[in-house]
Amino acid sequence: MSFSQTPANLDLASRTVAYFSMEIALSPSLPTYSGGLGMLAGDTLRSAADTAAPMLAVSLAHRRGYFRQHLDAVGQQTESDVPWSPETTLPSANEVVSVSMQGREVLLHAWRFDVIGVTGHIVPVFLLDSDVEGNDPWDRRLTDHLYGGDTYYRLCQETILGLGGIALLRSLNCKPQVYHMNEGHAALLTIGLLEAQLNGAPLRDATDADIEVVRRQCVFTTHTPVPAGHDQFGLDQMNQILGHDRATAIERTGCLHNGLMNMTYIALRFSRFVNGVAMQHGIVSQQMFPEYPVHAITNGVHAATWLSKPFQQLLDTQAPAWRTDNQYLRSAYGIAPATIAATHREGKLRLFAEVQTRTAQTFDPNVLTLGFARRVATYKRASLLFHDPARLVAIAEKIGGLQILFAGKAHPADVAGKGLIRDVFAEAATLNSSALKIVYLENYDWELGAMLTQGVDVWLNTPRRPYEASGTSGMKAALNGVPSLSILDGWWIEGCAENTTGWAIEDGDTEDAEAASLYQKLEHSVAPLYADFAAWAAMQRHCIAINGTFFNTHRMLAQYFTNSYELPSILPSSTARAASESYLHQPVLA
Ligand SMILES: *Cc1c(COP(=O)(O)O)cnc(C)c1O
C-alpha cells in the first residue's frame, strides 16, 4: 500500500492554518487513529482538501497503531498491535528536527501523507516519528503506541506533538497564522510558540505581550465534558520531561490546575478562541471553565467518506456539486423516496453479507435492524436496551422480529469497559430467539463503522447525559438515510426532529424511566413507521436532506474559518452563549 510516493511540491509558506491532533484517521489501511477524535480530524482535513482550504496538519506516526480487537466466545477482549511501516508506505518530509526533553535531545523525523481533495488540492499531514538513528532506544519507541503506556510515556508523546510539531513547521519554513489544537493533547505547541517568540531567551523572561502574541495565533477545540477526561500530569513528571524553564513558565502563566499540569488549562490560557463540539457541549464546557469564554461549533462528518457507494452514485447523477458543496445534499428532495429506500437497501444487503461472512449468522433484510457501535465506556450505556429483557423480547415478537448489531472496542486498560462487552454477549446468548437476533461484531473500525451506518435501519445511542460531547456516528447514519433513536445529548439535541429525522428517548431522572421511553418509542413509533414503506422512505429522505446537509465537515470547517480562524477576536461570548442556550433540551422542529 502506498500513497503518492512523489510528494507534489507545495507552497507550504502559504498555509495559514496548522491543525494539530494526537490521532488522525487518514486511510482505512493506516492504524493512526482510535475512534471519534481521529475520525473527526481526518474528516476535517478531507473537507479542507475538498474545499481548497489553506491548511496542513501535524500528528504522530503511531508505528504500532492503536490495537486490533479480538473477542472470544464469551466476549472477552484481547488486543494485538497493528504494526505498519511508514518507510515503505509514505514519502519522507526530509526533515530531522530535535526537541530537548527528558534532559536530552530527541531527534524527530516526519512522514508526509497527502490528503487529496476532489479537485486535486492537497492538505499535507506530517507524522512525527522518533524512531530515528542516534536516539536513545527508549526514545525510539515514543511514537509507537497511540494512547499506550503510562503517564510518563503519554507526556513524552504530547511533548513531541506540541514542541516537535512547532520545530518541524519552522524547519519546513511554514508560517501559519493559526494553530488549531484538536483536544488538549496538542497544548504544548503553545510553549513551542512562546519559545519561538522569545527567540532563545529563557521563558521566565516572557512578558504579557509575548503571551498575547501566542494567544493571537491559537484556537482550541475541547472534546471532553467530564473533568476526569482531561489529561493532567504531576509536577515531577512535568519537570523531568519538559525541564525547569518550561515547567516554571507553565506554572507562572497559571496553567496548573489542582496542583497538576493540566493540558486543557494550558490550551485555554493560550487560545484566543475556544469551542466545544456541539451547542450543548459549549454550554457544559463553559460551566466547567467559567473563567474562559467558550463557544460552540457543532461537529460534522465528511460526506464522501461516509456515504455508501450506491448513494454516492445516485447523488453524482442528481446533484453532482455535492462533493465540493454539501449544501446540495438538500437536493435529495428531488429524488423519489422509493429510490432512496432502494439505495439504502443495497447498503443493508452488503452489511448482512459481511455479518454472514464474519459470524455465519443470517440476517433478514426485511426485518427492522438496529445498530449500536461506539467506544465501550460506562457512560455510553450499551446496556440500556437490556434494562428489561422480557420487554425487549415481547416487543420483538410483537413487531415481526428485531435484529441488533453491536460493535465497539474497550481501551486495553479499561477493565470495566471490557466487562460491558461480556455483558452484551451474555444478554445475546440468553435472548437470541427466532424473533430477536443480537450479534456483536469484532474490531469496530473505519470500514465496519461505514458498513454499519450505511446498512442498519435505525442508529441507537443511549449515553448518560451530558457525557456525549457530540457523537458523529449518528451523522454518518443520517447521511445514508438512517434515522436515530437516541438520548437527547450531543449533536442529537440539534439533529432530532421527532418522527422526521428520528426519535428522542425522553429525558428521565432514572435509568428505569429512560429505558421505558426507549421501549415505548421502539414499539409505538419506530416499528409502526417501519411497517409503512412509504412513510419510512420519506423519513430516510428527510435524514439526508435535513441532517446530511448540515452535520458535515464542509459546513463545520466553513464555520471554523468564519467564526474562529479568520477573526482575531470574536463575538462577545454572551452572544454565543445566548444563542446556544436556546438549544438546551429543545430539539429543533420538535
Ligand atoms: C464515527 C466513528 C466513531 C465516532 O462515533 P461516535 O458516535 O462518537 O461514537 C468512532 N469509531 C469509529 C470507528 C467511527 O467510524
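Examining helix α20 (residues 553-565)
Taking 1.5 Å as the rise per residue, α20 with 13 residues should run 18 Å; its terminal C-alpha atoms sit only 15 Å apart, a clear shortfall. Where α20 starts, the residue carrying a side-chain oxygen 3.2 Å from the main-chain nitrogen of His 554 turns out to be Asn 552.

Things to note about the nonpolar core
Counting 70 residues, the largest nonpolar core has Phe 20, Tyr 179, Leu 188, Leu 189, Ile 250, Met 261 and Ile 266 as the members making the most contacts within it. It is helix α3 (residues 151-171) that provides the largest number of residues to this core, a total of 10 residues. Not counting chain neighbours up to four residues away, the residues in contact with Ile 266 comprise Ala 187, Leu 188, Thr 190, Ile 250, Cys 255 and Met 261. In this structure, Ile 395, Ala 396, Leu 402 and Ile 487 belong to the second largest nonpolar core, which totals 42 residues.

Thoughts on the domain arrangement of the chain
With domains assigned, the chain is organised as domain 1 (17-69 + 77-296) and domain 2 (309-551). Inter-centroid distance (C-alpha atoms) of domain 1 to domain 2 is 33 Å. Across the contact, 27 residues belong to domain 1 and 26 residues belong to domain 2. Buried area between domain 1 and domain 2, summed over both chains or domains, comes out near 2200 Å², and the portion from carbon and sulfur atoms is 59%.

What to know about the sheet that holds strand β16 (residues 402-407)
Spatially, 6 strands are ordered β17-β16-β15-β18-β19-β20 in an open sheet, and the strand pairing comes out parallel. With partners counted over all chains shown, the strands left at the sheet margins are β17 (436-441) and β20 (502-505), one partner each. With strand direction ignored, the average angle separating the axes of adjacent strands in the sheet is 20 degrees. Where strand β15 (residues 369-373) lies against β16, 5 bridges are found, and the strand directions are parallel.

Side note on the pairing of strand β4 (residues 77-80)
Bridge count for strand β3 (residues 68-71) against β4 is 4 bridges, and the pairing is antiparallel. Opposite His 70, over in β4, you have Thr 78 as the bridge partner. Count of turn residues in the β3/β4 antiparallel hairpin: 5 residues, of which Gly 75 carries a positive phi of about 85 degrees.

Here we look at the sheet that holds strand β9 (residues 218-221)
Judged by pairing direction, the sheet is mixed, and its 9 strands sit side by side in the order β5-β6-β7-β2-β1-β8-β9-β13-β14 without closing on themselves. Each edge of the open sheet is held by one strand with a lone partner, namely β5 (92-101) and β14 (295-296).

As for the environment of Gln 454
In this fold, Gln 454 is placed in helix α15 (residues 446-455). Sequence separation between Gln 454 and Lys 476 is 22 residues; the distance between their C-alpha atoms is 7.7 Å. Beyond its immediate stretch of four places on either side in the chain, Gln 454 contacts Trp 306, Leu 307, Ser 308, His 344, Gly 347, Lys 348, Arg 350 and Asn 480. Among the polar contacts listed, one links the side chain of Gln 454 to the backbone oxygen of Trp 306, at a separation of 2.9 Å.

Focus: the site of the ligand
For the ligand, the set of nearby residues contains 13 residues, the closest of which are Gly 36, Gly 471, Thr 472, Ser 473 and Lys 476. In this structure, Thr 472 approaches the ligand through a main-chain N or O atom, which is 3.1 Å from an oxygen atom. Lys 476 places a side-chain nitrogen or oxygen 2.6 Å from an oxygen atom of the ligand. Mapped onto the shell around the ligand, the elements with two or more residues apiece are α1 (36-50) and α16 (473-479). Residue classes in the shell around the ligand are distributed as 4 nonpolar, 5 polar and 4 charged. Split by domain, the shell around the ligand shows at least three residues from each of two domains, domain 1 (17-69 + 77-296) and domain 2 (309-551).

Section: helix α9 (residues 279-288)
Among the 10 residues that make up α9, 9 are buried, leaving the element largely enclosed by the rest of the structure. Where α9 is concerned, the buried positions are Met 279, Gln 280, His 281, Gly 282, Ile 283, Val 284, Ser 285, Gln 286 and Met 288.

Considerations on the packing of α3 against helix α4 (residues 189-198)
Between α3 and α4, the least distance of the axes is 7 Å, while the angle of their chain directions is 45 degrees. On the basis of the axis angle, α3 is oblique to α4. The handedness of the crossing between α3 and α4 is right-handed. Together, Gly 162, Leu 163, Ile 166 and Arg 170 of α3 and Leu 189, Ile 191, Gly 192, Leu 193, Glu 195 and Ala 196 of α4 make up the contact between the two elements. Residue composition of the contact of α3 with α4, by class: 6 nonpolar, 2 polar and 2 charged.

Let's talk about the pairing of strand β13 (residues 273-276)
Of the two faces of β13, the one holding Phe 273 and Asn 275 and the one holding Val 274 and Gly 276 are both buried throughout. Two elements, β9 and β13, share 3 bridges in a ladder whose sense is parallel. The residue bridging Thr 221 from the neighbouring strand is Asn 275, located in β13. As judged from the 2 bridges shared by β13 and β14, these two strands associate in the parallel manner. Note on β14: the bridge partner recorded for Asn 275 is His 295.

Here's the deal with the pattern of salt bridges
A side chain with one charge can pair with a side chain of the opposite charge if their charged atoms come near. Tallying each qualifying case throughout the model produces 29 salt bridges. Among the ionic pairs, Glu 514 bridges to Arg 465, the shortest N-O distance being 2.7 Å. Taken together, the positions of Glu 514 in helix α18 (residues 511-530) and Arg 465 in the loop between β18 (458-461) and α16 put the pair 49 residues apart, joining distant regions of the chain. Under the relative-accessibility criterion, Arg 465 is labelled partly exposed at 28%.

Things to note about the packing of aromatic side chains
Aromatic ring pairs: the centre-centre distance and the angle between the two ring planes describe each pair. As enumerated under the stated definition, the model contains 21 aromatic pairs in all. Ring geometry for Tyr 379 versus Tyr 467: centroids 5.9 Å apart, planes at 65 degrees, classification edge-to-face. Here Tyr 467 lies in the loop between β18 and α16 and Tyr 379 lies in the loop between β15 and α13 (389-398), a separation of 88 residues in the sequence. Overall, Tyr 379 belongs to the buried group, its relative accessible area being 18%. Taken together, Phe 372, Phe 386, Phe 406, Phe 425 and Tyr 440 form an aromatic cluster joined through their ring pairs. A cation over an aromatic ring shows up here: Arg 269 above the ring of Phe 270, its NZ or CZ 6.0 Å from the ring centre. Its end group placed over the ring of Phe 67, Lys 409 keeps NZ or CZ at 5.0 Å from the ring centre.

Analysis parameters
Residues numbered from 1 in each chain as written. Predicted model: local features only at pLDDT ≥ 70, side-chain atom pairs only at ≥ 80, totals over all residues. Heavy atoms only, no water. Helix = DSSP H or I, 4+ residues; strand = E, 2+ residues; numbered from the N terminus. Expected span 1.5 Å × (residues − 1). Polar contact = N/O pair within 3.5 Å; in protein donor to acceptor, adjacent residues only side chain to side chain. Core = buried A, V, L, I, M, F, W, Y, C linked by side-chain atoms within 4.5 Å. Buried < 20%, exposed > 50% of the residue type's maximum accessible area, 1.4 Å probe, protein only. Contact = heavy atoms within 4.5 Å. Domains from an automatic or database assignment. Buried area = accessible area lost by both parts, 1.4 Å probe. Pairing = 2+ DSSP bridges. Axes fitted to C-alpha atoms, helices over the stretch in contact; angles between N-to-C directions. Near = heavy atom within 4 Å. Nonpolar A, V, L, I, M, F, W, Y, C, P; charged D, E, K, R; others polar. Parallel < 35°, antiparallel > 145°, perpendicular 65-115°, else oblique. Left-handed = near helix turned anticlockwise from the far one by under 90°. Salt bridge = Lys/Arg side-chain N within 4 Å of Asp/Glu carboxyl O. Phe/Tyr/Trp six-rings, centres within 6.5 Å; stacked < 30°, edge-to-face > 60°. Lys NZ or Arg CZ within 6 Å of the ring centre and 35° of its normal.

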